[in-house]
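# Remarks on the overall topology
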Amino acid sequence: MKASAEAVACSAVVFDLDGTLIDSESNYAASDGRFLAEFGIDFDDRLRRHMIGRGSEEFIRMLRDVYGIAEDPARLLERKNAYYLERARANTRVFPEMRRLLDLLGERDVPLAVASGSSLRVIREMLDICG
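Presented here is a report on the structure given in the accompanying data block.

## Some remarks on the pattern of salt bridges
Here the structure, examined in full by the defined rule, presents 8 salt bridges. Ionic pairing is found between Arg 34 and Glu 86, a salt bridge with its closest N-O pair at 3.2 Å. With Arg 34 in helix α1 (residues 25–37) and Glu 86 in helix α4 (residues 73–91), the pair connects residues that are 52 residues apart, well separated along the chain. Residue classification places Arg 34 among the partly exposed positions, given a relative accessible area of 40%.

## Quick word on α1
Look at α1: 18 Å from first C-alpha to last across 13 residues, which is about the 18 Å you get at 1.5 Å a residue. On its buried side, α1 packs onto β2 (22–23), α2 (45–51), α3 (56–67), α4 and α6 (120–130).

## Notes on the layout of surface pockets
Put simply, the largest pocket is a space of about 330 Å³. Lining the largest pocket are 20 residues, and of these Tyr 28, Met 51, Ile 52, Gly 53 and Arg 54 sit closest to its centre. Elements with a minimum of two residues in the lining of the largest pocket: α1, α2 and α3. A total of 4 residues in the lining of the largest pocket trace back to one element, the largest contributor, which is α1.

## Considerations on the side chain of Ser 119
On the secondary structure map, Ser 119 appears in the loop between β4 (112–115) and α6. A polar contact is formed between the side chain of Ser 119 and the side chain of Asn 81, at a distance of 2.9 Å. Residues within four places of Ser 119 in sequence aside, it is in contact with Ser 56, Leu 77 and Asn 81.

## Points about the packing of α1 against α3
Running from N to C, α1 and α3 cross one another at 25 degrees; their axes reach a closest spacing of 13 Å. On the basis of their axis angle, the class for α1 and α3 is roughly parallel. Remark: the crossing between α1 and α3 carries right-handed chirality. Packed against α1, whose contacting residues are Asp 32, Phe 35 and Leu 36, the element α3 presents Phe 59, Ile 60 and Leu 63 at the interface. A class-by-class count of the residues in the contact of α1 with α3 yields 5 nonpolar, no polar and 1 charged.

Reading the values: rules and limits
Residues numbered from 1 in each chain as written. Predicted model: local features only at pLDDT ≥ 70, side-chain atom pairs only at ≥ 80, totals over all residues. Heavy atoms only, no water. Salt bridge = Lys/Arg side-chain N within 4 Å of Asp/Glu carboxyl O. Helix = DSSP H or I, 4+ residues; strand = E, 2+ residues; numbered from the N terminus. Buried < 20%, exposed > 50% of the residue type's maximum accessible area, 1.4 Å probe, protein only. Expected span 1.5 Å × (residues − 1). Contact = heavy atoms within 4.5 Å. 1 Å grid on protein atoms, 1.4 Å probe; cavity = no way out; pocket = protein on both sides within 12 Å on 5 of 7 lines; lining within 4 Å. Points joined across faces, edges and corners; volume = space filled by probe spheres on them. Polar contact = N/O pair within 3.5 Å; in protein donor to acceptor, adjacent residues only side chain to side chain. Axes fitted to C-alpha atoms, helices over the stretch in contact; angles between N-to-C directions. Parallel < 35°, antiparallel > 145°, perpendicular 65-115°, else oblique. Left-handed = near helix turned anticlockwise from the far one by under 90°. Nonpolar A, V, L, I, M, F, W, Y, C, P; charged D, E, K, R; others polar.

The following block contains the structure:
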């Protein structure tokens, strides 16, 4: 059964960012591949599928635990984020359907929030870039 926008009442909406609001998967695939190549790790399809939906901190933990990378986690995360943002600044778009939904919710003054496993720096910049 289809409900009209008027029939759905909510006091607030929380959205995931990556893959829900913005089309970011190809950006992560390219930047994570570049990042892992520094350590001689091939970002193949199996590893890529395993990491989809996992947060940046979990990604860094996996890198340290599975591959024995001893570098400081904060420095690893900063480098990973820098590679992502370099690519994402030029290649990220909001899904058109989500833009329409956000506009509709904004017209109705529904409070909105974003939840994400991405780093706060990345979240803020992507929200700014994508408006």
